Amino acid sequence: MENHSLSLDNWVALSATLEALQLHKASSGAGDENGNRWSSDPPAHGAKVEAKLAYAERACKVALLLLRRLTTGNDRDTTEENGHHENNLNGHHEINLNGVARRRSLQVDDISIGKFSVSFSPSNQGEDNMVDTQDTIERVLGYLNTVRSNGDLNGSSNFSTVGEADIKCALDSVIDVASTADDLAAFHTAGNHSDVMFHKLGILFYQLFARGESPELHRREVGPEERDIESVSTTEVMGDPACSDSQEEENEGQSPRKQIRHLRGVRESLSGKGVPVSLCRLVSDLIDPKEEDGSPFDSLDEVVEEVKQILDRPDIFFHDVNWLDFSSGLIGRSEEMQRLHEEAASVQMGAGEFENRLVLLKGSPGAGKSYLASNIQGELSESGWLYVHTKFDRFVRNPLLTIASSFDELLASLGEEGDEENLDILENLEAVMSTSAIATLSEWLPSLRDLFPHLLRRVISDEDLVSLADDSQRRRRNNDMTSSSESAQSRLHYIFRKLVSALSSPERPLLIFLGTCAGALLFSFTLLINLTFWTNSFLTTTLSFNSSDDLQWADNSCLDLISSLLMDFNHINQFGLADDTPQCFLVMGSYRDNEVDSTHRLSSYLETFERSNTLQVTNIQLDGIAKSDANLMLSEMLGLPLRLTKSLTDAVQARTVGNPLYIHAFMQSLVKEKLLVNSVVKKRWIWDIEAIQSISIQGSIAEVLTRKISYIPHDTQEALKVMSTFGSQMSEEYVSHLYPLQEKRQEFCDRLNSAVEESVIEKIGSKYKFVHDMVQQAVYELMSPKERAECHFQNGVKMITALSCCADSHSDLGLITFVAIDQINIAKSFGVTDSSMCTQFAKLNLKAGESSMEKFNFMSGFSYIEHGISFLPKESKWNSSSYDLCRSLHEAACLACYVNALPTKANEYISELLENAQCLEHKLKAYYVMVKNLTSSGDFKQALKKTFDVLIELGETFPTEITPEIIQEELSNTKSLLNNFTKESILSSPKLMDEKKLWAIKFMNNLSGPLSITNYQMGPLIACRMVQLSSQYGYCSESAFGFLGYGQAQISVFEDVDEGYRWGKIALSLLESLGGKGYLPKMRCLFNSYVSLWKEPFHASSNVLLHTHSEAMLVGDVEYASVSAFFYCRQALVCGQNLLLAEKECKAIASKMVRLMCRWLLFLFVYLHSARILIPSSSLQVQLKQIQMCYGQVNTYIFILKMNGNYGKVNPFPEIFDGKIANEEELLNLALSSGKRINAKGILSNRFQVAFWLGQFEEAAELAEKAKPPPKMSFMEVYHVFCEGLTAFQLARRSSSSSASKWMTIGEEAVTRFRLYEKCSTWNWENNLFLLEAEYHHCKQEEDKAAAKYRASIRSAQEHRFVHEEALALEFFGDFLRTIRSVDESKEKYANARLCYEKWGAHAIIPRLEEKIGQIQGTE
């Protein structure tokens, strides 16, 4: 495609022609480009203005190209070198984008409109339009050549072959400006003539903007009194800001004024031609910078910068700015925005598959955290992102509800919009979330009821609703939430993670912002400033901005939920791989780092986030913006070029430290004090720089907001004060409850609407919101502490009265009730209340606390309960009149402290309740929480002692000395009792209604954990008693665990597997029939870990355990989710799972267990109470939980690493135990030094297994005796017997006859035991029995029998898919064949064994096989 060139004066003529056509169309009412006619004068006037501004913008673009050519020079190749043909419409050779024809130096005097040319290129319009554009350019330039030859270039020609669109297309194709001289050296070296250079350039620009006309210039005389406008008072030189032109004309007789008036012709002349004032000023300052209030340019680069700024923001600089324009975009935060975009891109590209991303915006108030978040939210929303904004507030006592409300708003919007993408999201939500999860979430997210009514109708029938109501009443009556509280929060976290996963996708990611959001514009200063409103008075009030509504106001319940969303994954499978579509979301949080020190609750969470290996944290520090950015902000705010605002910026920057909010507020204060005024005469903002510089830096910003509010009418201020007591926002619903009478309500709303007009607050929907939290704080601080307290109290009383809230009602509390109670509680913290209403306030807080805890918000619940107790008089709160209320509050406080891991506070409330309770029934809840608290802290002895003490008071006694005979007798008696029951009769029996017996069973069920560690022999007696009580009085959910314990005891004590398995299955059915869904994962975990293995294949129960892990997470049972994961790892390992996959799986599960930080003891993994020796008591529970959760898992992990050869390369201890335990030896020493034999046996048993598999039989024999498990039928016993028996046979063949007898005895006992096991489950243990028998016959030198058993073991292991035990049988068979000198067959068996070990992944064993094969080959 060819490029074309046109002389600059001809370009001006062409551009003016386009303007003339557009003006003619506007005047004649011809219509716009789309054919719409203008029907009235205002649109026509607007069209004319647009036509003139369009010309100015085109001229600006050409001016910028010209300036770039002057600053860079003509360094292009020649036309001949490039082979381009150029259209020459000037009568001589032209310079264009691609080349020059001759070389001539450009002198300063050569700067004129006729010495430059403009180049066009069709490529500037895009590849698709290049051909059409090329044709259009040629037609336009050809016609222009014709009319130029006729001397008609004034825009009046009637273009017959080209039209407005053609000309516009051609003008839009401009790509460069060139000079007729190739050598610009002379121009660049004109340093001594810079004034001349600027003058000539100004004349050229004048011609460019004035459609080719030249200015009339006269030499100017300077008056002696002329001074720089910025060095004098605004009132002295500028006069009154409202000064009119007529007033100024009166001064024309004075010489200096007359001279200025005369020489202002350049600016006025251009303005009369419709040139924007910014361009008028530019040209005037180039031609004569000393004219009136002109300002000289320092360099040509400064001119380029100014033209570019005008072009970048024509919305500002093409219009007169008569007000402070706060609409400028994000200034000074480009790097931060780039980082946010990078984080968003990483999320969208799948970086969140194995780690989530958190961006923390931190800085001082007003640094622009919220505005930055608002900008990225707007940009991401345009590209399809969903957005959730959660705003925390210090006056909101239920922050978890704030998070829920923000998600509810998103869901509601998805339902309202109804587009196809949103429908897909809702369909995915229904597919991913279970119906029970949706039903649970609907309590928090009411929009779900509207989105999925069909699901909720199916899940909850009318009869179900009645049942639920009855159950709710009973729960309130018993206040027995301890069972559900253990899993409630975890379930809520799991469901929210599922919700986030369902809502987000790579196509529509989710952005979650936690903190204040500025909305569309920072500080929302978008209204015009009424210049006549401000007064001259200064206030001396000093504000202390010491609080806000950012992330630091989130409570622990919110931070726990956020942590779970960020650090836990629902889609990671047992191998640590993603088996479902991962969540695709980005979390941003803002907080004030100057308000969050090491003691702040947020600090510990931030440290956890930084350490997490599943979370990528990006910290963005927002300090004050740079001075150059501040200058840009002021420049655009005032509509003045950068060079004119530098001195003002210096003063403002020094007093605001570059804080964007402070800059805005400070500039407004200057307007109010008339230190910054908009001059009608000068048509620009002017300021008194000396007065501004004299303002004290200290305290100036703190006074700004107070001064702004002080200018507002008094009645509006009073309304704002009321609003400020509710935090950052106030809904119309609040107003209706504060002012039930329509007249009063309307009056209050009118005052708030007045504040909206003053840009102090904004109204969005039905809510009034402060434009910034600092404004809310400033209003709040206008009141004295006593006034604040009175205001809070009156608000609460008015709202409670309007609600007619009855403290004895059991109906659910609405949000407005919580708000009212919060107001009362805040007033109480200031010492203001009404003693006659204290009982009512205490009841309301009890209701609010119980309601919060029923919705799993235990932190907020505890806050309400504590406030409720504080309203009761200390001396008489346990009197008969308030006894029931006080007891209920203390029971609730005990529970809340327990769930919130506040053991010291829990003990205080427990002690007070036990001291003042009037009967045993009133103490039971306190006792129960006490026992749970002791158990969770690892104090098992005290937990057991207190439990048995309570059971004695409940009429249930147990022997202090347990003998095998006592256990057998109790089991036999229970079996006789159960012979009278069938499965059907048990399932149809009534529920347990006796309160004491119910509590007795609950206490006994709570003993299972501590007893398994300290006194496992008591377990069967407890299980039998639970069965006996249930059979006599009725059944509850805990009864099912009694039946399971009874079945397990039948197996371990009587070795009656059929009886134990049958009652285990009945226990599962009983729990399902009682509706104990929350307990089912625990039941399935225990059944498949201790009972089903005796009858069902390991592979089947292993898969059930994996499913149980997910099921437990769904119901929030983190404890048994972790237990299930551990037992899955254990059973998958005995199934012969590949060790490399097992390592990934074990690592993923161990990491997850550490992250979950389970609240309760995982007694099946860990028997470690001695953790209190390691760590300070303040962090005991946290560290103890880690050790307890991961003890068993780390043993499995170590075994895997030692087998696959990665031990030493991978050290799981530092991560799992958080650096408290560095290796296996330290863990063993800890167990031994603390006297915890079971702990030590767990480690020694693991070492025994490793030594056996590595063929270190002498070491294995020593460890076998130390690691011997209790004498009962158990999983641990099975594999100990197996490995010990094979070890004994190996040593028997190597030992002397006297020692061999000992080892043969041990081996024979192992064979006997495995014959019993094999009868229970042929699948699981047949191959083990055959291998033991083969080794026995090998020792007895019964070669045929031995060979047959080896082959049978290998075949059975193959059929039942135990590849590791197949390898072991092959290896031992090879050893046997080698001893009978069947060398070839031995070599074959070793080779096959090696293949099986490789398949298992046991790379540590393979060298042993290679050595044996090498020995045979060496012998050959």
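Note that residues are indexed from 1 along each chain, following the sequence as it is written. Restriction of local features to residues with pLDDT of at least 70 applies here, the model being predicted, together with a cutoff of 80 or more for giving and counting side-chain atom pairs; totals for whole chains, interfaces and linings are based on all residues. As a rule here, side-chain values cover all heavy atoms of the structure and leave hydrogens and water aside.

Novice: Outline the side chain of Gln207, supporting the account with residue identities and numerical values.
Specialist: A run of DSSP states H or I qualifies as a helix once it reaches four residues; a run of E qualifies as a strand once it reaches two. Both are numbered from the N-terminal end. Checked against the element boundaries, Gln207 lands in helix α7 (residues 194–209). Classification of Gln207 as buried rests on a relative accessible area of 10%. We call two N or O atoms a polar contact when they sit within 3.5 Å, provided that within protein one can donate a hydrogen and the other can accept it, with sequence-adjacent residues counted only if both atoms are side-chain atoms. Polar side-chain contacts of Gln207 include one of 3.0 Å to the side chain of Ser214. With residues near it in sequence (within four places) discarded, Gln207 still touches Val12, Ser112, Ile113, Gly212, Glu213 and Ser214. The classification of residues rests on relative accessible area computed with a 1.4 Å probe and restricted to protein chains. Under 20% of the type maximum is buried, over 50% is exposed, and intermediate values are partly exposed. Any two residues whose heavy atoms approach within 4.5 Å are treated as being in contact.

Novice: Can you explain the pattern of salt bridges? Please cite residues and give values.
Specialist: We define a salt bridge as a contact between a side-chain nitrogen of Lys or Arg and a carboxyl oxygen of Asp or Glu at a distance within 4 Å. Across all of its chains, the model carries 48 salt bridges by this definition. Across the pair Arg887 and Glu891 runs a salt bridge whose closest N-O atoms are separated by 3.2 Å. Of this pair, Arg887 and Glu891 both sit in helix α39 (residues 883–899), 4 residues apart, roughly one helical turn. There is no split in this pair, since Arg887 and Glu891 are both buried. What you see here is one network of salt bridges that share partners, running through Arg267, Asp285, Glu306 and Arg643.

Novice: Please set out the confidence of the model for the protein chain residue by residue, giving values where relevant.
Specialist: The predictor attaches a confidence to each residue, called pLDDT, with possible values from 0 through 100. For the protein chain, mean pLDDT is 78; residues scoring 70 or higher make up 77% of the total. The model gives residues 571–579 a pLDDT under 50, and that stretch makes 26 contacts with residues more than four places away or in other chains.

Novice: Which residues make up the environment of Phe856, and what values do they have?
Specialist: One can find Phe856 in the loop between α37 (838–854) and α38 (858–870). By relative accessible area, which is 17% here, Phe856 ends up buried. Spatially, the C-alpha atom of Phe856 lies 9.1 Å from that of Arg491, the residues being 365 residues apart in sequence.

Novice: Residue-level account of helix α59 (residues 1275–1294), with values.
Specialist: Think of an α-helix as turning once every 3.6 residues; residues three or four places apart then point the same way. Given a rise of 1.5 Å per residue, 20 residues ought to cover 28 Å, and the 29 Å separating the end C-alpha atoms of α59 matches this to within 8%. Most of α59 sits out of view: 17 of its 20 residues are buried. By this rule, a helix spans an expected 1.5 Å times one less than how many residues it contains.

Novice: Break down the packing of α59 against helix α61 (residues 1322–1339) for me, citing the residues and quoting the values.
Specialist: Simply put, an axis is a line fit to the C-alpha atoms, just over the touching stretch for a helix, and the angle between two N-to-C directions goes from 0 to 180 degrees. Two elements in contact, α59 and α61, have axes separated by 9 Å at closest approach and are oriented at 20°. One way to sum up the angle between α59 and α61 is to call them roughly parallel. Where α59 crosses over α61, the two elements pack in a sense that is left-handed. Every residue of α61 that contacts α59 at Val1278, Tyr1279, Phe1282, Gly1285, Leu1286, Phe1289, Gln1290, Ala1292 and Arg1293 is listed here: Trp1325, Asn1328, Leu1331, Leu1332, Glu1335, Tyr1336, His1338 and Cys1339. Working definition: roughly parallel below 35 degrees, roughly antiparallel above 145 degrees, roughly perpendicular at 65 to 115 degrees, and oblique for all remaining angles. If you view the pair so one helix is near and one far, a crossing is left-handed when the near helix is turned anticlockwise from the far one by less than a right angle, and right-handed when it is turned clockwise.

Novice: So what about the packing of aromatic side chains? Which residues, and what values?
Specialist: Working definition: a ring pair exists when centres of Phe, Tyr or Trp rings (six-membered ring for Trp) sit within 6.5 Å. Plane angles under 30 degrees give stacked, over 60 give edge-to-face, the rest tilted. A full pass over the atoms with the stated rule returns 37 aromatic pairs. Each ring, one from Phe1098 and one from Phe1275, has its centre 6.0 Å from the other, and the planes form 75°; the classification is edge-to-face. In this pair, Phe1098 sits in helix α51 (residues 1098–1115) while Phe1275 sits in helix α59, placing the two residues 177 residues apart along the sequence. Residue classification places Phe1098 among the buried positions, given a relative accessible area of 0%. Among the aromatic residues, ring-to-ring pairing joins Trp1094, Phe1098, Phe1275, Tyr1279, Phe1282, Phe1314, Tyr1317 and Trp1325 into one connected group. Only lysine NZ and arginine CZ atoms are considered, and such an atom sits over a ring when it is within 6 Å of the ring centre and within 35 degrees of the ring normal. Cation over ring: Lys1202 sits above Tyr1207, and NZ or CZ is 4.9 Å from the ring centre. Note that Lys1302 overlies the ring of Trp1303, its terminal NZ or CZ placed 4.3 Å from the centroid.

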